[in-house]
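# An overview of the molecular structure
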Amino acid sequence: MDGCWQIERHEEIDSTNRRALELARAGAPSGTVVVASRQTSGCGRRSRHWHSPAGGLWFSLLLRPNVAPECTAAASLMAGVSVVSTLRRLYRRNDICLKWPNDILIGEKKIVGILAEMALDADGFVDFLVIGIGINVDLPPDTWTGELKDRAVSLRTATGIVYTPDEVLREALTDMKIHVKDWEANGMSKILSAWLAMNNTIGREVIVKDDGRVIWSGTATALSEDGSLTVRGEDGCIQTFSFGEISIR
Ligand code: BTN
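Predicted model, so just to flag it, every value in this text is computed and none were measured.

## Thoughts on the overall build of the protein chain
Looking only at helices and strands, one finds five helices and twelve strands in the protein chain. Relative to the globule expectation of 18 Å for 249 residues, the C-alpha radius of gyration of the protein chain, 17 Å, shows essentially globular dimensions. With respect to the three principal axes, the spread of C-alpha positions in the protein chain is 50 × 50 × 30 Å. Taking all 249 residues of the protein chain together, 51% fall into the buried category.

Have a look at this one:
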């Protein structure tokens, strides 16, 4: 990625990821950013709805990195590391951490979700990546209902520190530029070590679920460059998961 970010701003949009995909298909350059104050149809992983009212930071980055196609997961890890660095610095909290596959938590509660999408060109090379990032910057505690009430929180509620979404965006884009350049120049090894230093998953007892169904449990032992998680079962058998969700016991 060369030069600066080019930002397209919306007061309200259905989804910044959808718009970034549209711009990407129309040939928009690497470094395009779509940001919205509110999303009416924010997309989460596994086709879930992502609640996106005013007060959060909802944005998507379009990148055209010179990397191999197996890199969507790597892009998502890179984005996770970058956002944790930004938030730890701004909110002065070292308990902001990554949980596999790439949620960002403060304590036990989710503050950031990341959704990376990719398209290949006719020769099978990466045409573009869209990395959507949702940060719960300043949302009131009653934003979430039902089971989400106990699982999500905003940074303001958790820390008492007040930033606007725009202030967080400015810092996040500065850090992201550094991480993207480093990833393109040096590959994943530094990012992987940073992820390992910032995660709450490796070494813990976990339950792996797919669509809410428990499929495995054991000790999380490793993260691969492709983002997959290795879990050693109680009987010593090793399984590797490239998708799914975990609960930490
Ligand atoms: C998750 O399920 O954890 C991923 C959530 C990703 C939400 C962000 S908000 C900005 C961007 N636009 C979307 O529609 N989704 C992502």
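## A word on helix α4 (residues 165–186)
Taking 1.5 Å per residue, 22 residues should reach 32 Å; α4 reaches 31 Å between its end C-alpha atoms and fits that length. Those residues of α4 lying buried are Val168, Leu169, Ala172, Leu173, Asp175, Met176, His179, Val180, Asp182 and Trp183. Its buried side turned inward, α4 meets β1 (6–13), β2 (32–39), β3 (57–63), α2 (72–91), β7 (126–135) and α5 (189–198). Positioned one or two residues after α4, glycine 187 has a phi angle of 75°, which is positive.

## Details of the nonpolar core
Counting 58 residues, the largest nonpolar core has Phe59, Leu87, Ile133, Ile135 and Trp183 as its most contacted members. Per-element tally for this core: the top contributor is α2, with eleven residues. The residues contacting isoleucine 135, other than those within four sequence positions of it, are Gly56, Leu57, Trp58, Phe59, Val83, Leu87, Ile111, Val112, Leu155 and Val168. Listed in part, the eleven residues of the second largest apolar core include Ile13, Ala28, Phe128 and Val130.

## A few points about the pairing of β7
Counting buried positions over the ten residues of β7 gives nine, a clear majority of the element. Pairing of β3 with β7, which is carried by seven bridges, proceeds in the antiparallel orientation. The partner of leucine 63 across the bridge, within β7, is leucine 129. Hairpin remark: strand β6 (residues 109–120) followed by β7, antiparallel, with five residues in the connecting loop; positive phi at glycine 124, about 85°.

## Observations regarding the sheet that holds β1
Spatially, the seven strands line up as an open sheet ordered β1-β2-β3-β7-β6-β5-β4, and their pairing is mixed. Strands with a single pairing partner mark the edges of an open sheet, and in this sheet they are β1 and β4 (96–99). Strand-to-strand twist in this sheet, taken as the mean axis angle between neighbours without regard to direction, amounts to 20°. Judged from the five bridges that link them, β2 and β3 form a sheet pairing that is antiparallel.

## So, the packing of aromatic side chains
Applying the stated criterion across every chain, the model contains one aromatic pair. Judged by centre distance (5.2 Å) and plane angle (85°), the rings of tyrosine 91 and tyrosine 163 are edge-to-face. Linking tyrosine 91 in helix α2 with tyrosine 163 in the loop between α3 (155–159) and α4, this pair joins segments that are 72 residues apart in sequence.

## As for the site of the ligand
Of all residues adjacent to the ligand, which total 19 residues, the nearest are Ser15, Gln39, Cys43, Arg45 and Lys110. Contacts to the ligand include cysteine 43, whose backbone N or O atom sits 2.7 Å from an oxygen atom. Taking lysine 110, its side chain carries an N or O atom lying 2.6 Å from an oxygen atom of the ligand. Coverage of the ligand by the protein amounts to 98% of the 420 Å² it exposes when considered alone. If you list the elements that add at least two residues to the shell around the ligand, you get α1 (16–25), β3, β6 and β7. Considering each element in turn, the shell around the ligand owes the most residues, four residues, to β6. For the shell around the ligand, a count of residues per class yields six nonpolar, ten polar and three charged.

## As for the sheet that holds strand β10 (residues 229–233)
Taken in spatial order, the five strands line up as β11-β10-β9-β8-β12 in an open sheet, and their pairing is antiparallel. Only two strands of the sheet have a single neighbouring strand rather than two, namely β11 (238–241) and β12 (245–248). Geometrically, the sheet is characterised by an average inter-axis angle of 45° between neighbouring strands, direction not taken into account. The pairing of β10 with β11 spans four bridges and is classified as antiparallel.

Here is what the cut-offs are and how they apply
Residues numbered from 1 in each chain as written. Predicted model: local features only at pLDDT ≥ 70, side-chain atom pairs only at ≥ 80, totals over all residues. Heavy atoms only, no water. Helix = DSSP H or I, 4+ residues; strand = E, 2+ residues; numbered from the N terminus. Rg over C-alpha atoms; globule rule 2.2 N^0.38 Å. Buried < 20%, exposed > 50% of the residue type's maximum accessible area, 1.4 Å probe, protein only. Expected span 1.5 Å × (residues − 1). Contact = heavy atoms within 4.5 Å. Core = buried A, V, L, I, M, F, W, Y, C linked by side-chain atoms within 4.5 Å. Pairing = 2+ DSSP bridges. Axes fitted to C-alpha atoms, helices over the stretch in contact; angles between N-to-C directions. Phe/Tyr/Trp six-rings, centres within 6.5 Å; stacked < 30°, edge-to-face > 60°. Near = heavy atom within 4 Å. Polar contact = N/O pair within 3.5 Å; in protein donor to acceptor, adjacent residues only side chain to side chain. Areas by Shrake-Rupley, 256 points an atom, 1.4 Å probe, with all protein chains shown as cover. Nonpolar A, V, L, I, M, F, W, Y, C, P; charged D, E, K, R; others polar.

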